[in-house]
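Next come the chains, spelled out residue by residue.
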Amino acid sequence: MAFVALLALSGCATNAKASTQPTPAQTPVVTPSWSSPSASPSPTASPAKPTHPAYKSLDWYLARVPEFPPAPPVPELTEAPAAGTPPFWLRVPTDQKVAFITIDDGALARPADVPAFIREAHIPVTMFLNSPAATEHTDYFKQIEAVGGVVENHTINHPSLRGMSYAAQHHEICGSADKLQQLFGKRATLFRPPFGDHDDTTLAVAHECGAKAVLYWSATVNEGIVRYQTPIKLLQPGDVLLMHFRPALMDDLLGALKAIHKAGLTPALLEDYVTPPPPPTADGEPLLPGVPR
Ligand SMILES: [Zn+2]
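Bear in mind that the values here come from a model prediction, so they are computed numbers and not experimental data.

**Topic: the overall build of the protein**
- A count of helices and strands for the protein gives nine helices and ten strands.
- Relative to its 293 residues, the protein shows a buried fraction of 40%.
- Sequence separation of at least 24 residues holds for 76% of the intrachain contacts in the protein that already meet a minimum separation of 6.

As C-alpha cells, this is what we get:
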C-alpha cells in the first residue's frame, strides 16, 4: 500500500500525451493542443483551439512535446547516510531509464508560460533556487511547486564556495535552506553548489543543513540546445540536465524533453531517487520491499 501511495505521490505521470486531466486544484487555462477537434464535448464549449498555434505560444510548445512511455516504478530509494557527508552526484546512480530536469537560480527571468507548460505536459522538475530570488518571486515558484515541481537549495548569493571558510559556507547553505523552508514550508533535501564548485567543507556543511545529496549535472541546456558532458552525445540513465530560469526556459524544457525522448528515457522527479526511505513499520518490516533498514 505504501508503495502505491508513493507512486501516487510521485505524481508526475510523465506520459505527456496520455493524460489530459488538469490537476484538480488548477483551473485548466489551456486545452492541450493534442485534443483533436472531434474530441470536443460540445459545440458550446470554449472556442476551438487554433489548428496552427502561434509560434512559440504555449500550445505551440505543447504540440511539440514527445510522447513518453510510462515512467518506471519509483525505485527502492537510496538510503541517505545517517552521518558523514552526502554523495556528490554528476548523475544519479540508477539503471532505470529516466533522466532528471533541474532549473537553477531564479533571479534572471521567469517566463510566464512555464508553470502551465509544466502542468499540461506533466514535466517533473527540481528547482535549485537562490533564496533572495525565491523571496522576491515566491508566488511564481509556488505555481511550479503546485504542479509538482520541488524547491531545493542553491545558496543565498551564488558564490563559488570552494575555499570559503566554514562559517561563510554555513551562512550561504544553511541560511538559504532556512529561508526556503520559511517560504515553502519544507526543508530542502538536495543542494547544488553554484558553478558546481565545492570542497570537503561544502559537503560537510550541506549535510549539516539537511542535504541528502549534492548535485552536479551531466548535461546542460541553453537556448534549447543540449550540451553533453561526455563524448557520447546521448543521455544515459540517471543523467541530470541543468538549465536556468532564463528567457529561453520554454525552449530549454522542450529541448530537454526531446533529448530525453531521443535517448529512450522518461523524465522523472529527482527527489524520488534520493529521498531516504520511510521508517520501518511497527512490526519492523520496511515499508518498501528491499529497502534496507
Ligand atoms: Zn546557479
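**A closer look at the pairing of strand β2 (residues 98–105)**
- In terms of residue burial, β2 counts as a mostly covered element, since seven of its eight residues are buried.
- As paired strands, β2 and strand β9 (residues 240–244) are joined by five bridges and run parallel to one another. The residue bridging I103 from the neighbouring strand is M243, located in β9.
- For β2 and strand β3 (residues 125–129), the ladder comprises five bridges, and the chain directions are parallel. Of the residues in β3, the one forming a bridge with T102 is T126.
- Handedness of the crossover joining β2 and β3 through helix α3 (residues 114–121): right-handed.

**Here we look at the environment of P73**
- Within the secondary structure layout, P73 lies in the loop between α2 (58–63) and β1 (88–89).
- Residues P73 and Q96 lie 23 residues apart in sequence; the distance between their C-alpha atoms is 9.1 Å.

**Some thoughts on the environment of R187**
- Relative to the elements of secondary structure, R187 occurs in the loop between α6 (166–184) and β5 (190–191).
- Taking the C-alpha atoms as reference points, R187 and N153, separated by 34 residues in sequence, lie 9.1 Å from one another.
- With near-sequence residues (within four places) excluded, R187 lies in contact with A177, Q181 and G210.

**Thoughts on the pairing of β3**
- Counting buried positions over the five residues of β3 gives five, a clear majority of the element.
- Of the two faces of β3, the one carrying V125, M127 and L129 and the one carrying T126 and F128 are both buried.

**Observations concerning helix α7 (residues 200–208)**
- Turning to α7, its buried residues are T201, T202, L203, V205, A206 and H207.
- Just downstream of α7, G210 is the residue with a positive phi angle, here 110°.

**Brief notes about unusual backbone geometry**
- Backbone geometry places K56, a non-glycine residue, at a positive phi of 65°.
- As for its position among the elements, K56 is in the loop between α1 (2–10) and α2.
- Note on K56: 13 C-beta atoms within 10 Å, which makes it partly exposed.
- Even without being glycine, D105 reaches a positive phi, approximately 80°.

**Here we look at the nonpolar core**
- Of all hydrophobic cores here, the largest spans 65 residues; its most connected members are M127, L241 and A256.
- Take this core: its biggest share by element is seven residues, from helix α8 (residues 249–262).
- Residue contacts for L241: discarding those within four places in its chain leaves A99, F100, I101, T102, W217, A219, V221 and A256.

**Some points on the packing of α6 against α7**
- Following both chains from N to C, one finds α6 and α7 inclined at 45°, their axes separated by 9 Å at the closest point. Between α6 and α7, the interaxial angle falls into the category oblique. In terms of crossing hand, the pair formed by α6 and α7 is right-handed. Contacts between α6 and α7 involve Y166, Q169, H170, I173 and C174 from the first element and T201, T202, V205, A206 and E208 from the second.
- Each residue belonging to the contact of α6 with α7 can be placed in one class, and the counts come to five nonpolar, four polar and one charged.

**Side note on the environment of P111**
- As for its position among the elements, P111 is in the loop between β2 and α3.
- We classify P111 as partly exposed; it has 17 C-beta atoms within 10 Å.
- Placed 137 residues apart in sequence, P111 and A248 show a C-alpha to C-alpha distance of 7.8 Å.
- Not counting residues up to four positions away in its chain, the partners in contact with P111 are P247, L249 and M250.

**Considerations on the confidence of the model for the protein**
- For the protein, per-residue confidence averages 82 on the pLDDT scale, and residues scoring 70 or more make up 73% of the total.
- In this model residues 1–45 is a low-confidence stretch, pLDDT under 50, and it forms 61 contacts with partners more than four residues away in sequence or in other chains.
- The low-confidence segment residues 277–293, where pLDDT is below 50, has 22 contacts with residues more than four positions distant or belonging to other chains.

Parameters and conventions
- Residues numbered from 1 in each chain as written.
- Predicted model: local features only at pLDDT ≥ 70, side-chain atom pairs only at ≥ 80, totals over all residues.
- Helix = DSSP H or I, 4+ residues; strand = E, 2+ residues; numbered from the N terminus.
- Buried ≥ 20, exposed ≤ 12 C-beta atoms within 10 Å, placed from the backbone.
- Contact = placed C-beta atoms within 7 Å.
- Pairing = 2+ DSSP bridges.
- Right-handed = clockwise from strand over helix to strand, strands pointing away.
- Core = buried A, V, L, I, M, F, W, Y, C linked by C-beta atoms within 7 Å.
- Axes fitted to C-alpha atoms, helices over the stretch in contact; angles between N-to-C directions.
- Parallel < 35°, antiparallel > 145°, perpendicular 65-115°, else oblique.
- Left-handed = near helix turned anticlockwise from the far one by under 90°.
- Nonpolar A, V, L, I, M, F, W, Y, C, P; charged D, E, K, R; others polar.
- pLDDT = per-residue confidence, 0-100.

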